[in-house]
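# Structure at a glance
Now for the letters of each chain:
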Amino acid sequence: MLDRLLDAPDIATFARRAAEHLAAEGFAAPAVTVCIDGRLTAAHPASLSDVDRALVERARTLATGCRDEARGRIAACVSLGGGIGALSLVADGDAQRQDRLAAECEVLAPLALAVSEKTRLTESLHQLERSEQLQAALFAIADMASSDMDLNDMLRELHAIVGRFMYAENFYIALYDESADALRFIYLVDTIDPLIRDADEFIPMSVMERGLTWYLVRDKHPLMGSTADLRQQVSGPLRDIGMDSYDWLGVPILFGDRVRGVLVVQSYVERPRYTLADQALLSYVGSHILTAVDRKLAQEELERRVEERTHALQRSVRVQETLYRIAELSHTADNLDAFYRAIHEIVGEFLDARNFYIATLSEDGESLHFPYYVDQSGRRAQSRKLSNGITEYVIRRGRPWLIDMSDARTVAELRRLEQCGEVSPFGPTCVAWLGVPLMLGERVLGLLAVQSYTPGVGYTDRDRELLTFISYQIANGLERQRAAAELKNAYSDLERRVSERTRQLSEQIAVREQMEARLKHEVLHDSLTGLPNRAYLRDKLERALARRDREPGYRFAVLFMDLDRFKVINDSVGHLVGDALLKEVAQRFARCVRHGQDTVARLGGDEFAILMELDGNEGALRMAQRVIAALNEPVRVAGKELYTGVSVGIALSAPHYSTPEDLLRDADIAMYRAKAAGRHRFELFDETLHEQALQLLDLESDLRRAVARREFVPYFQPIVRLRDASVAGYEALMRWKHPERGVLAPGAFLHVAEASGAMEAIDWQIFEHALRLARELLEPGQYVNLNFSPRHFRAPELDARFLELVAASGLRPGQVRIEVTEGALLENPEQAGRIFDRLGAHGVLVALDDFGTGYSSLSYLHRFRLHTVKIDRSFVGDLRPEQEGGSDAIVRAILALSQAQGLEVVAEGIETEAQRRALLALGCTLGQGYLFARPQSFADLRRAAREAGTPS
C-alpha cells in the first residue's frame, strides 16, 4: 500500500489513495487534506463539510489532534518537513481512535512530502520543456520572418506553432489599420463556421461593430471564456457574429498603446477550457507573430515594389520597342489592312484586346468608318453618320475615356451623359471599354478602342496611359500609311486606267465578234430548244433546191411535225411545263437524225421540221417512223409523266418545187391529213391532198365572207309531245345560205369554222336571228332552244351578254333555253356552273344535249343546274321493244335517272311510229325527229301554218 501511495503522480491522487488507505484500516468517512505553502493543494473528498473544514483548521493551529465530540469526528495534523506544509486527516471516532489516527498521520506525512516534492520537480521539468519549446518557437518565428517563405506558407506554420501550445483547430489573425479603421483577416481557419474572409480585403470596423474582435481592438484587453462569460467581460452589448463557440480566447497585440492586430483561438466542442496561462502565452507569442508578419509583409511589399519597378522598366523598354515597330510598320506594311492587323497584335501584347476596333473620320468629318473591327460576338460595324455614340463622344472631346461598369462613379457619369443625350445607351453586355482618340497635332483622325465582355477582365488607368502613348505613334503611322496608300493608289490607278483602256479595246473587239456570232446564232436558232429555226431551215432548203438544180440525181425530203394534244397539256399544266416538254421533244427528235446529213428545226409553237437527204423514198418513211416512235415513251417533267404524240407530213423533192415555202406548205398539208386520219401517224403528200387543201382554204375564205354578209340563218325543228304530236317548243339549228352551193348543213362547214375561230361569231348571228324570229313563231307556253358550243363558256360574261340579247328581242327569259354538250362541262366546269346558276336565276333553262354519247357522267345531273336531258338519236334508232340486244335498257336507265332528279327528257331522231310507241311505253313524253317534222326555215313554217289554217 505504501508503494502505491508513493507512486501517486500528483498530490491530489495521493490524497485520494490516503483516504482509501484509512478506510481500509477501519476508519469511517475518512477525509484527507494537503496544504503546501499555506494553500490547500489537494483534498479528498474534494468538497469538505464545514465540520471537517473547522476540525482541519483547529488541528493545523494546534499542530496536534482534536475532536468534535458532538458529531463524533476526530482530526490529526502533522507538519511536513521544513515547514512547507501540513497533512491533515479526519475520520469518525472517539478519543481512543484519535491516537491511532495521529499515528497514521505520522506515517503518511513523509510520504505526502515525497509525493509533493516529486510533483514539484515534475512541474519544473515540464515548465523547462515548455520554455524550451517556446524559445524554439520564437526562434522559428524569427527565422520564418527573414526567410524566403511565402506569406501564406508562413501563416500556416505559425498556426501549427500555436497549436503546439494550446487547442488551435480554429484560429485567425487579423491586422488592424488605424488610419482606415479597418481589419484585414490575413489568416483564418475555421472547421465549423462557413464565413470566409478575403485575405486582401480590409473590412471596416463599422461592419464588425460590437463583435468580439471589435471589442478586442476597442477595449485593448484579452477576452476568454464561453459566450456568457464574454458578455460579462466586454464594455458594452455583444453582437453575435458567426457561429457560437464553446470556448473562445482572443488577445490584442499592442505596440505601445496602439493595437496592431488580434489573435484568436476558439473551440466548438467540449474540452478543457483555455487558461490564464494560455492567454499569457498567446499574448506573448502573438507579439512575436505580429512582428514576423509585419516583417514578412514589409519584405513582400518591398519585393512587390521592386517587381513593379522592374516590370515598369521592362514595360518602358517594350513600349519603346513597340513605338519603333509601329514606325517601321508605317513604312513596311503592304496596305492599311495589314497595318491594322499588326497594330491589333501589338496592342494585344499589353492588354486584353480580343475585342478591338479602329474608327476613322471621313475627309469631310461627317461620317465614321470602321476599317478594322474584331469582336468576339462576330458583329461587324458599318459606316455611319456621326451620332451620339461612345466613339463619337471621345472623338468630340479629344480625350481618352475609360469605362468600368463595376465602378459606381463611372456608371453614374455614364448614365448622366445618357440622360442628357450626350451619348446613346451603352451596351448591356460590355463590362469595360477603353477608347483613345488618334491625334495628329490638334486634328483628330479617329479612335482606337478595346472592350471586354468578360466579368473580371477590365482595364486600368495604366492601360489608358499606355494606349494613349501608343496612339500618337499609331496616328502618325496611320497618316503615313494613308499618304503612301494614296500615292500607291494614284500610281495603281494610272496603271489600271492604261491597262483598263487596253483591255476595254480588246474586250470591245472580242465582244463585237462574240455579238456578231451570237446574233447570227440567235437569228438562225430557236431560243428555247437551241434547234435551228425557220430562217435557218429556209436557208438550208434554198441550198438543197440549188443543189438539186445542179445535180439532177440529188433527192431530199421535208418532214413537217406537229405535236398531238400539246395545247391541252400547255393549258392544263402551264407554259413552263410546256416549254420543258418542247425541250425534251427537241432532244429526242435530234437523236433521230443523222449528224451532218439531216437537219431538225423548230418552226414555232409545237411545230418542227426535218430536212434530210434521200437515197430512196423509204428513207423518209423510216425517218417518220423513228420520229413517231421517239414519243412513245412518256416525258417526265416537274414530277409528272406527260404523254404526247406527233403527226408527220412528208413532202418529197420534185422538179416543180422552186421555193422553200412550197415544200413546207405541202408537208404541212400532209401533216394535217395525218391528224385528220387519227393522229400519231404520218402521211405522204400527193396532189389529192393539195386539192383538198385548196378546197379547205376556199371554204375558210367563204366562211369569213359569209359572217360579214350575215348568210347564216336559223332553221327550226319542233319539239313535240309524243302522245298527241302537239308542239312544245323548237330547236334552232344553224344553216348557211351559200350563194353558189345553196343551203348547207353544219356538217359541211362546222369543222372549218371551229378551226378558224369563226364559230363564236356565227353562233351570235344565229342567236340574234333566232330570237328575233321566235317572238313571232312561239305560241303561249312554247319555247326555243339555242345550241351553245364549248368555246362560249370561256368568257365569264357570257350570261350577261346573252340576257341583254334576250331582252332586246322582246322575249321573256322563260321562253328561251340553251343546249350544251358534255364538252362544255368538261373544259371549264366551275365557270360553266356559275353561268348556269346566273342564267337559271333569270329564268333561262339549260338542256344537256346528246346525253349518252360522251362521258355520260352521272355527277352532271345533280352538280349542274340542268332542266332537260336529251337522249341521243343513236339510242332512239336502236330501240327494239320486242327483241333483245337493243338500247331499251339504256333509254330506260336514262329516263329513270332523269325522273329521279326531276329532269325533263327529250328523245332526238325519232323517225318511225314504232320508235314513238316504244318511247311512250318507256315513259318518255317529249321528242323530235323526222317523224314529226324536218328542220325548216321561218318562212316555210309560216307557209305550212297558213296551209294548215293555224295562225303563225
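Residues numbered from 1 in each chain as written. Predicted model: local features only at pLDDT ≥ 70, side-chain atom pairs only at ≥ 80, totals over all residues. Heavy atoms only, no water.

The name recorded for the protein chain in an unreviewed UniProt entry is Bifunctional diguanylate cyclase/phosphodiesterase, from Vulcaniibacterium thermophilum.

### Brief notes about the sheet that holds strand 24 (residues 682-684)
Pairing is mixed in the open sheet, where five strands are placed in the order 19-20-18-23-24. Two strands lie at the open edges of the sheet, namely strand 19 (599-604) and strand 24, each paired on one side alone. The sheet shows a mean angle of 20° between the axes of neighbouring strands, taken without regard to direction. Pairing analysis gives eight bridges linking strand 18 (residues 555-564) to strand 23 (residues 645-652), with the strands arranged antiparallel. Counted as the bridge partner of Ala557 is Leu652 from strand 23. Sitting on the sheet, helix 16 (residues 617-630) touches strand 18, strand 20 (607-614), strand 23 and strand 24, and the angle it makes with strand 23 is about 165°. On the sheet, helix 17 (residues 660-676) packs against strand 18, strand 19, strand 23 and strand 24 and is oriented at approximately 140° with respect to strand 23. (Pairing = 2+ DSSP bridges. Helix = DSSP H or I, 4+ residues; strand = E, 2+ residues; numbered from the N terminus. Axes fitted to C-alpha atoms, helices over the stretch in contact; angles between N-to-C directions. Contact = heavy atoms within 4.5 Å.)

### Topic: a negative patch on the surface
A cluster of acidic residues, Glu363, Asp364, Glu366 and Glu486, forms a negative patch on the protein surface. Assignment of secondary structure puts Glu363 in the loop between strand 12 (355-361) and strand 13 (367-374). When its relative accessible area of 75% is taken as the criterion, Glu363 is described as exposed. (Patch = residues over 30% accessible without salt bridge, like charges linked within 9 Å, V, L, I, M, F, W, Y side chains within 5 Å. Areas by Shrake-Rupley, 256 points an atom, 1.4 Å probe, with all protein chains shown as cover. Salt bridge = Lys/Arg side-chain N within 4 Å of Asp/Glu carboxyl O. Lys, Arg positive; Asp, Glu negative; His and termini not counted. Charge placed at Lys NZ, Arg CZ, Asp CG, Glu CD. Buried < 20%, exposed > 50% of the residue type's maximum accessible area, 1.4 Å probe, protein only.)

### Some details on the packing of helix 9 (residues 336-348) against helix 12 (residues 461-524)
Packing of helix 9 against helix 12 leaves a shortest axis separation of 11 Å and a crossing angle of 170°. What the angle tells us is that helix 9 and helix 12 run roughly antiparallel. Every residue of helix 12 that contacts helix 9 at Leu336, Phe339, Tyr340, Ile343 and Val347 is listed here: Leu467, Ile474, Gly477, Leu478, Gln481 and Arg482. Classifying every residue of the contact of helix 9 with helix 12 gives eight nonpolar, two polar and one charged. (Parallel < 35°, antiparallel > 145°, perpendicular 65-115°, else oblique. Nonpolar A, V, L, I, M, F, W, Y, C, P; charged D, E, K, R; others polar.)

### Quick notes on the packing of aromatic side chains
Applying the stated criterion across every chain, the model contains 23 aromatic pairs. Look at Tyr172 and Phe185: their rings are 5.5 Å apart centre to centre, the planes differ by 55°, and that puts the pair in the tilted class. With Tyr172 in strand 6 (residues 170-177) and Phe185 in strand 7 (residues 182-189), this pair connects stretches of sequence that are 13 residues apart. A relative accessible area of 10% places Tyr172 in the buried class. By relative accessible area, Phe185 is classed as buried at 4%. Aromatic pair Phe767 and Phe802: ring centres 6.0 Å apart, planes at 80°, arrangement edge-to-face. Note that Phe767 is positioned in helix 20 (residues 759-777) and Phe802 in helix 21 (residues 798-809), a separation of 35 residues in sequence. Phe802 carries the same exposure label as Phe767, and that label is buried. Among the aromatic residues, those joined into a cluster by ring pairs are Trp764, Phe767, Phe788, Phe793, Phe802, Phe836 and Phe864. Residue placement shows Arg197 over the ring face of Phe185; its charged tip is 5.3 Å from the ring centre. We note Arg801 situated over the ring of Trp764; from NZ or CZ to the ring centre the distance is 3.9 Å. (Phe/Tyr/Trp six-rings, centres within 6.5 Å; stacked < 30°, edge-to-face > 60°. Lys NZ or Arg CZ within 6 Å of the ring centre and 35° of its normal.)

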